[in-house]
Amino acid sequence: METLIPTINRLQEVVLTVGAEVIQLPQIVVVGCQSSGKSSVLESLVGRDFLPRGSGIVTRRPLVLQLINVAPLQERLKIESGNGVKQSPHSSYPGVKAEEWGTFLHCKNQIFTDFQEIRREIEAETERSSGDNKGISSEPIYLKIFSPKVLSLSLVDLPGITKVPVGDQPEDIETQVQEMILSFISNPNSLILAVSPANSDLATSDALKLAREVDPDGHRTLLVVSKLDLMDAGTDALEVLLGRVIPIRLGIIGVVNRSQYDINTQKTLEDSMKDEHAFLQRHYPSLASRAGSRYLAKTLSRLLMHHIRDCLPDLKTRVTVLSAQYQTQLNSYGQPVEDHSATLLQIVTKFASDYCNTIEGTARYIQTSELCGGARICYIFHETFGRTLQSIDPLGGLTELDILTAIRNATGPRPALFVPEVSFELLVKRQIKRLEEPSLRCVELVHEELQRIIQHCSSFSTQELLRFPKLHDSIMEVVTGLLRKRLPITNEMVHNLVAIELAYINTKHPDFTDAGQVSASVNSQQAETLDGGKRWKNEKAGDEKAPAAGFGSPSRGQAINLLDTAVPASRKLSTREQRDCEVIQRLIKCYFLIVRKSIQDSVPKTVMHFLVNFVKEHLQSELVGQLYKQPLLQELLIESQDTAQQRTEVAQMLEALKKANNIISEIRETHLW
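Residues numbered from 1 in each chain as written. Predicted model: local features only at pLDDT ≥ 70, side-chain atom pairs only at ≥ 80, totals over all residues. Heavy atoms only, no water.

K.L.:
Summarise the overall build of the chain; cite the residues concerned and give the values.
P.N.:
Looking only at helices and strands, the chain features 23 helices and nine strands. Across the 673 residues in the chain, those meeting the buried criterion constitute 46%. For the chain, contacts bridging at least 24 residues in sequence account for 81% of all contacts bridging at least 6. Carbon and sulfur atoms make up 51% of the accessible area of the chain, which totals about 35200 Å². (Helix = DSSP H or I, 4+ residues; strand = E, 2+ residues; numbered from the N terminus. Buried < 20%, exposed > 50% of the residue type's maximum accessible area, 1.4 Å probe, protein only. Contact = heavy atoms within 4.5 Å. Areas by Shrake-Rupley, 256 points an atom, 1.4 Å probe, with all protein chains shown as cover.)

Here you go:
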C-alpha cells in the first residue's frame, strides 16, 4: 500500500506534461489564514528550511509539493555498484550523489541539493509570475523533494486567506484568494488540511469555513492547531484538541511552530521537534503521543494512502473513458496526408456521394430541426409553389370594364353581333402571363436549397473538408459554378413553358368548355331573372337613350366614354354587356385553370431534369475534372493550422492517458490492502 503515493505522483507528472487537468488526482491541500503557520507545518513535514518566510503574505502562488521517500545515499550507492538489493529505477535514482535533493518542473533536469537554492528559486519563480510587490497568481509551482527522512506525501500549499489588499494586490484580493482555494479543495479527491492558530478562536476560522463549504460532512477535512506555545498564560487548547469545541471527523492535531527568533538564530528543525515534544509532554501529556509534527506526517501519509485506495476505482474508470473519448476525437482529425492523389479523389467522391444522398434522403446525418435536401425541394414544389399557383385568382386584375374595352377594341368600327374570339385570347394570355413569375421563383428557391446542401455536406457529412480549408473552398466554388451555369438554362426552359402556353390558345382542349354552351348557359340564366319581354324592352329603350344624352351634353357629367376617360366612370351595365362579360369571364377561368394545372405539373419536372438531376449526374465528374490536377494537389491538401495543432494536442493527451492507464494497471489488488 506504500506504493500508492509514489504512483499518484507519477500520474501527476504524466498529466502535467500535457498541461491539462483532466484527471482530478488525490492530494492534500493546505488551507489557512495569512501567517497561520502553514509554511512552518510543511517545513516540519520535510525536516528542512526551504520555503520563503517573513511577515505579511509570503506564499503568493500555489506550491504543489511532492515528498518522495528514497533510500539513504549509502544504500543507493551499493545498489549502483551491484552489492545491494535491486530496486526499481523509480526508487533507486541512479546518478544522484546526494542524501536529499529537490527538482522543479519548470527547471528540466536540474537538481537542487542546497535547500537555500530551492527557497531562492521559489521566490524567483513567484516574482516572475506575480511581480515583486505582494501580487498573487493562480499558476502553480511544482516541486519534488527526495529524502530518506520524509514520508511519501503530495501536498499543495496555497496563499493565506487575507482581507485587506497591500502593495500591488487588487481590491478584490480576498475574493481572488478564496476562489483559488476553492478551485483546489472542491476537487472531491483532495484532502483538506485546515491550519488554524491556537491563539485565535476556532469558531472564527476562515479555513474551516471554506472547508465546510465543499466538505459539509467532514469526510476529507483534517484540522491542525498551530502555535500551541503562543496561547495566553493560564489557557490551553485541550478542549479544542479533544474535539469538544468543534468536532472534526478525521481528527485534530496540535503542533508547535518555530518562532521568528528561532528562524533568525537558525535553530535546526531537529532541535525544534525535540522542543516541541518536550512542550507537549509538559503541557499536554495525555495527548503527546497524538500530537506534534511527526505524528502529523504519519497521519497525513496514512490518510492519503487510504484516500487514494478509495479513489482508485473511479480514477481507473475516468482514465478509461477519457482515453476512448480522445481516441475518437483523434480519429475525427484523420491521419497526415501521404498520398495526395488518393486523398483528393477520396474526399471528392465522398462529398459528391453525400451531396446526392442528401438530395435522395439517404444521408447518414439527417437533420431533425428543419427540412433539408430533397425533402425541402419536395416542399418547395408541392407546398410553396403549389399553394402560390392555387392562390392566383384566374380573374385577378381584370375588371368588367377591362373586358368590355377588350371586346370593343376587337370589333373595330363595326358593332358586334357575337362576342369576338380575339378579345378572349387577348385577355386569357394576359392572365397566363401571371404564372411565369411564381414559376421562376420556384426555380430560384430550388437553386438556393442546392446551395444550402453544400454547406450541410461540408459541416456534417465530410469531416475531412474541415481539415483542408483550400480544398473546401475550391469544392464550394466548383459546385456553386455548376449550379450557376445550370440556373439560366432552367429559367429559359421554364420561361418557354409559359411561352408555349401563350403561343397557341387551344380552345379545342378536352377539358375546355365550348363557348356556345357557355353562352347558352348565360342566356338561360338571364332569361330566368328577367320579368317578361316588357322589362327587356324598357331596358333596351334606356340603352338607346343613353348614347344620345352622352353625345348631346358631355358637360352634364353623365356621359360615359370607355376609350378616352383616364378614370372610367362607373355605371350599371346593360343586359347584353353583362352577358358578354360573364361569357368571357367563364371562358377565361376555365382555360386558365387548365393552363395552371399544366404549369404546376411541368415546372417541377423541368427543374428536376434541367437542374437537380443534371447536377447529381455531373457533380463528381465536374469536381474531378476541375480539381484533380497535379499542380493543385499540394496546394489544395494543405491542412489548417488549427486542425494540425488540435491533432497534436489530442495525440499528446491520448499518450499521457495511455501512460496513466499503464501506471494504474501496475497496481495490483493486493497492494490496496
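Resuming the write-up.
K.L.:
Can you break down the sheet that holds strand S9 (residues 252-254) residue by residue, with the values?
P.N.:
Strand pairs in the sheet, formed through backbone hydrogen bonds, run parallel or antiparallel to each other. An order of S4-S3-S5-S2-S6-S1-S7-S8-S9 is seen for the nine strands of this open sheet, with the pairing classed as mixed. Each edge of the open sheet carries a strand with a single partner, namely strand S4 (111-112) and S9. Pairing of strand S8 (residues 221-226) with S9, which is carried by three bridges, proceeds in the parallel orientation. Counted as the bridge partner of Val225 is Gly254 from S9. Of the strands in this sheet, strand S2 (63-69), strand S3 (101-104), S4 and strand S5 (141-147) are in contact with helix H5 (residues 115-130), which crosses S5 at around 170°. (Pairing = 2+ DSSP bridges. Axes fitted to C-alpha atoms, helices over the stretch in contact; angles between N-to-C directions.)

K.L.:
Lay out the packing of aromatic side chains in plain terms, naming residues and giving numbers.
P.N.:
A complete count under the given rule lists four aromatic pairs for this structure. An angle of 90° between the planes, with centres 5.3 Å apart, marks the rings of Phe104 and Phe112 as edge-to-face. Both residues of the pair, Phe104 and Phe112, belong to the buried class. Both rings, one in Phe351 and one in Tyr355, keep their centres 6.2 Å apart while their planes meet at 35°; by these two values the pair is tilted. Within this pair, Phe351 and its partner Tyr355 are both found in helix H12 (residues 340-360), separated by four residues, close to a single helical turn. Judged by relative accessible area, Phe351 falls into the buried class, the value being 1%. Across from the ring centre of Phe614, 3.7 Å away, lies the NZ or CZ of Arg486, which sits over that ring. (Phe/Tyr/Trp six-rings, centres within 6.5 Å; stacked < 30°, edge-to-face > 60°. Lys NZ or Arg CZ within 6 Å of the ring centre and 35° of its normal.)

K.L.:
Just give me the short version of unusual backbone geometry, but keep the residues and values in it.
P.N.:
For Lys227, which is not glycine, the phi torsion reads 60° and is therefore positive. Topologically, Lys227 is positioned in the loop between S8 and helix H8 (238-241).

K.L.:
Now, about the pairing of S5: what can you tell me, with residues and values included?
P.N.:
By the criterion of burial, S5 is predominantly enclosed, with seven of the seven residues buried. Side chains of S5 alternate between two faces, with Ile141, Leu143, Ile145 and Ser147 and Tyr142, Lys144 and Phe146 buried alike. Examined bridge by bridge, S2 and S5 share seven bridges and lie parallel to one another. Note on S5: the bridge partner recorded for Leu67 is Ile145. As paired strands, S3 and S5 are joined by four bridges and run antiparallel to one another. Bridge pairing in S5 links Trp101 to Phe146.

K.L.:
Summarise the pattern of salt bridges; cite the residues concerned and give the values.
P.N.:
Applying the stated criterion across every chain, the model contains 21 salt bridges. Taking the shortest distance from any N to any O, the salt bridge between Asp354 and Lys350 comes out at 3.3 Å. Pair noted here: Asp354 and Lys350 are both in helix H12, with a separation of four residues, about one helical turn. Since its relative accessible area comes to 13%, Asp354 is described here as buried. The partner of Arg441 in a salt bridge is Glu444, with the nearest N and O atoms 3.0 Å apart. Placement of the pair is Arg441 and Glu444 together in helix H16 (residues 436-461), with a separation of three residues, close to one helical turn. The class for Arg441 is partly exposed, based on a relative accessible area of 38%. For Glu444, a relative accessible area of 39% corresponds to the partly exposed category. Look at the salt bridges and you will find they share partners, linking Arg61, Glu121, Glu125 and Arg128 into a network. (Salt bridge = Lys/Arg side-chain N within 4 Å of Asp/Glu carboxyl O.)

K.L.:
Which residues make up the packing of helix H18 (residues 469-503) against helix H21 (residues 575-627), and what are the values?
P.N.:
Close contact between H18 and H21 brings their axes to 9 Å; oriented N to C, the two are set at 155°. Put simply, H18 runs roughly antiparallel to H21. Considering how the two elements wind past one another, H18 and H21 form a crossing that is right-handed. (Parallel < 35°, antiparallel > 145°, perpendicular 65-115°, else oblique. Left-handed = near helix turned anticlockwise from the far one by under 90°.)

K.L.:
Before we move on, can you summarise H12 with the specific residues and values?
P.N.:
Counted at 1.5 Å a residue, the expected span for H12 with its 21 residues is 30 Å, and the 30 Å between its end C-alpha atoms agrees. Where H12 ends, the next residue or the one after it, Gly361, has phi of about 90°, a positive value. (Expected span 1.5 Å × (residues − 1).)

K.L.:
Please set out the environment of Ile181 residue by residue, giving values where relevant.
P.N.:
The residue Ile181 is located in helix H6 (residues 173-185) in this model. For the pair Ile181 and Leu210, spaced 29 residues apart in the sequence, the C-alpha separation amounts to 8.3 Å.

K.L.:
Go over the packing of H6 against helix H7 (residues 206-214), please, and point to the residues and values.
P.N.:
In helix packing, the relevant descriptors are the interaxial angle and the interaxial distance, both defined with respect to the helix axes. The contact between H6 and H7 brings their axes to 10 Å, and the two run at 50°. The pairing of H6 with H7 is recorded here as oblique in orientation. Note that H6 runs across H7; the crossing there is right-handed. For the pair H6 and H7, contact is made by Gln178, Ile181, Leu182 and Ile185 and by Leu210, Ala211, Glu213 and Val214, respectively.

K.L.:
Lay out H21 with the relevant residues and their values.
P.N.:
A rise of 1.5 Å per residue sets the reference length of H21, with its 53 residues, at 78 Å; its end C-alpha atoms lie 73 Å apart and thus fit the reference within 8%. At His618, H21 shows its maximal bend, which comes to roughly 50°. (Bend = angle between axes of the 7 residues up to and from the residue.)

K.L.:
Please set out the nonpolar core residue by residue, giving values where relevant.
P.N.:
Side chains of a nonpolar character, in soluble globular proteins, are inclined to be buried together. Counting residues in each nonpolar core, the largest one holds 68 residues, and the members touching the most others are Tyr355, Leu450, Leu471, Ile475 and Leu623. Counting residues per element, the ones that place at least two in this core are H12, helix H13 (374-390), helix H14 (400-411), helix H15 (421-432), H16, H18, H21 and helix H22 (630-636). With 19 residues, H21 is the single largest residue contributor to this core. Each residue touching Leu450, except ones within four places of it in the same chain, is listed here: Tyr355, Ile359, Ile377, Leu483, Leu611 and Val612. Membership of the second largest hydrophobic core comes to 59 residues, among which are Leu143, Leu155, Met305 and Tyr333. (Core = buried A, V, L, I, M, F, W, Y, C linked by side-chain atoms within 4.5 Å.)

K.L.:
Which residues make up the side chain of Asn187, and what are the values?
P.N.:
The topology assignment puts Asn187 in the loop between H6 and strand S7 (190-197). Discounting residues that sit within four places of it in the chain, Asn187 has contacts with Gln24, Leu25 and Arg220.

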